[in-house]
Amino acid sequence: MQQRFLGRSGLKVSELCLGAMTFGRETDEATSHRMCDAFVEAGGTFVDTANVYGQGTSEEILGRWLARTDRDAVTVATKVRFPMGDGPNDQGLSRGHIRRQVEASLRRLQTDHIDLYQVHAWDGATALEETLSTLDALVREGKVRYLGASNYAGYQLQRAVDLAAAHGWEGFVSLQALYNLLDRELEWELVPVSLDEGLGILPWSPLRGGWLTGRYRRGMSGPPADTRVDEAAKQGWGEAWDTYANERTWSLVDTLDAVAEETGRTVAQVALAWVKDRPGVTSPIIGVRTMEHLEANLGAVGWELGEDQRARLDAASDRPLPYPYATVTADAERA
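Rules used in this analysis
- Residues numbered from 1 in each chain as written.
- Predicted model: local features only at pLDDT ≥ 70, side-chain atom pairs only at ≥ 80, totals over all residues.
- Heavy atoms only, no water.
- Helix = DSSP H or I, 4+ residues; strand = E, 2+ residues; numbered from the N terminus.
- Expected span 1.5 Å × (residues − 1).
- Phe/Tyr/Trp six-rings, centres within 6.5 Å; stacked < 30°, edge-to-face > 60°.
- Buried < 20%, exposed > 50% of the residue type's maximum accessible area, 1.4 Å probe, protein only.
- Arc of directions from axis to C-beta.
- Contact = heavy atoms within 4.5 Å.
- Pairing = 2+ DSSP bridges.
- Right-handed = clockwise from strand over helix to strand, strands pointing away.
- Salt bridge = Lys/Arg side-chain N within 4 Å of Asp/Glu carboxyl O.
- Polar contact = N/O pair within 3.5 Å; in protein donor to acceptor, adjacent residues only side chain to side chain.
- Core = buried A, V, L, I, M, F, W, Y, C linked by side-chain atoms within 4.5 Å.

### Concerning helix α5 (residues 154-167)
Between its first and last C-alpha, α5 extends 20 Å over 14 residues, near the 20 Å set by a 1.5 Å rise per residue. Positive phi appears at G168, one or two residues downstream of α5, with a value of about 75°.

So this is what it looks like as structure tokens:
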């Protein structure tokens, strides 16, 4: 597995990132540890979790694995923002909440530093100056080495980058966001900002909850039982059946099938290969539940899509741009 620089930082990470959201939820601890071992054996060096995953369970499972491995060989990313208790100050990006949660994450992860500390989403209730100055202090104290954002809008990301630069604070080096063949809205503003400002993009849900694994085909009337797409309809998650069961998706699936046959790869491997090599992308985050899922996803590295195959996937996944993006793109082309 290749190692890539995370944006313009000096940190190198593997071209796939192992997502630990399933640890302790769909995946028991023993299997989670086996997946970490197999990922590292395949050349993986980058693992992503969050304090809110299982209310700390994911970090605890990952921490027990880190305690028996070479800590310096693994880049560990975690996040802060969402509720970790019922108190009025148990969520958000205030100085107090960040301070409490970074210490809790360090304990659970059994480490003295977090390689990449990410704000999990925008906090409109806290002044951005308070959040960014607190994160800067954590870097200066050595508790955190790099900073990242997640689930930001374009204007929010640009404002955070500019504010940090104006004050001489440590800035973000990465953006973790939804990005895959079905969800390309990131390209409208967040990809340009990330490219301009040197942030590495870490796509989450690169297979969109199973939609891009080859399991869903034209002619199906609903999702299989006990799948993430089936559960999404009950939980109100974004990958629900009614959101994606349309002609655009089926046309894309048809193209994925054709490219998979041409390359001798699986549909999931083709979808991961597409997003892995998009402009600005450093490492897609693969969230796997089983060893079989992990082994299959690892087959996305070590090869590349052909130019024609990539162009066909681009066309099949494209959609008309809304205002003002269509106007902006047209002006750029004329220039």
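Let's pick the thread back up.
### Focus: the packing of aromatic side chains
Here a ring pair, both rings aromatic, is described through the centre-centre distance and the interplanar angle of the planes. By the definition in use, this model includes 10 aromatic pairs. Look at W211 and W250: their rings are 6.0 Å apart centre to centre, the planes differ by 50°, and that puts the pair in the tilted class. In this pair, W211 is assigned in the loop between β9 (200-204) and α7 (228-235) and W250 in helix α9 (residues 247-263), connecting sequence segments 39 residues apart. For W211, a relative accessible area of 1% corresponds to the buried category. On the basis of relative accessibility, which here comes to 8%, the residue W250 falls in the buried class. With 6.4 Å between their ring centres and 50° between their planes, Y216 and W241 make a pair best called tilted. Placement of the pair is Y216 in the loop between β9 and α7 and W241 in helix α8 (residues 241-244), with a sequence separation of 25 residues.

### Concerning helix α6 (residues 190-197)
Structural remark: α-helix, 3.6 residues per turn; residues separated by three or four positions point the same way. All of the buried residues along α6 are L190, V191, V193 and S194. Each buried residue of α6 lies within a common arc of 165° when the element is viewed along its axis, so the set occupies one face. Next to the buried residues of α6 lie α5, β8 (172-178) and β9. With its phi angle positive at about 75°, G198 sits one or two positions after the end of α6.

### Quick look at the pairing of strand β5 (residues 75-80)
Within β5, 6 of the 6 residues are buried, which leaves it mostly tucked inside the rest of the structure. In β5, alternate side chains face the same way, and those of T75, A77 and K79 on one face and V76, T78 and V80 on the other are all buried. When strand β4 (residues 46-48) meets β5, the two strands line up parallel, connected through 3 bridges. If you follow D48 over to β5, its bridge partner there is A77. In this region the chain leaves β4, passes through helix α2 (residues 57-66) and returns to the parallel neighbour β5; the handedness of that crossover is right-handed.

### Some remarks on the pattern of salt bridges
A complete count under the given rule lists 27 salt bridges for this structure. Across the salt bridge formed by D37 and R68, the nearest N and O atoms sit 3.2 Å from each other. Here D37, found in helix α1 (residues 29-41), pairs with R68, found in the loop between α2 and β5; they are 31 residues apart in sequence, far enough to count as distant. With its nearest N and O atoms 3.1 Å apart, the salt bridge here joins D308 to R312. In this pair, D308 and R312 are both assigned in helix α12 (residues 307-317), 4 residues apart and thus about one turn of the helix distant. Classification of R312 as partly exposed rests on a relative accessible area of 26%. What emerges from the salt-bridge pattern is a single network uniting R4, E15, K276 and D277.

### Let's talk about the pairing of β9
Counting buried residues in β9 gives 4 out of 5 residues, a clear majority hidden from the surface. In the sheet, β8 pairs with β9 via 5 bridges, with the strands oriented parallel. Among the inter-strand pairings, L178 is bridged to a residue of β9, identified as W204. Taken together, β8, α6 and β9 constitute a β-α-β crossover, and its handedness is right-handed.

### Comments concerning the environment of R228
One can find R228 in helix α7. For R228, a relative accessible area of 31% translates into the label partly exposed. In this structure the C-alpha to C-alpha distance between R228 and G210, which are 18 residues apart in sequence, comes to 7.1 Å. Beyond its immediate stretch of four places on either side in the chain, R228 contacts R25, G209, W237 and E239. For R228, the side chain forms a polar contact with the side chain of E239, separated by 2.5 Å.

### Digging into the nonpolar core
Membership of the largest hydrophobic core comes to 84 residues, with the highest contact counts inside it found for Y117, Y152 and F172. With 8 residues, helix α10 (residues 267-276) is the largest single contributor of residues to this core. In this view, Y117 contacts T78, K79, V80, I98, Q101, V102, L135, L138, V144, Y146, L147 and G148; residues no more than four positions away in its chain are not counted. Judged by nonpolar contacts, the second largest core, of 10 residues, contains F46, L116, L202 and I285.

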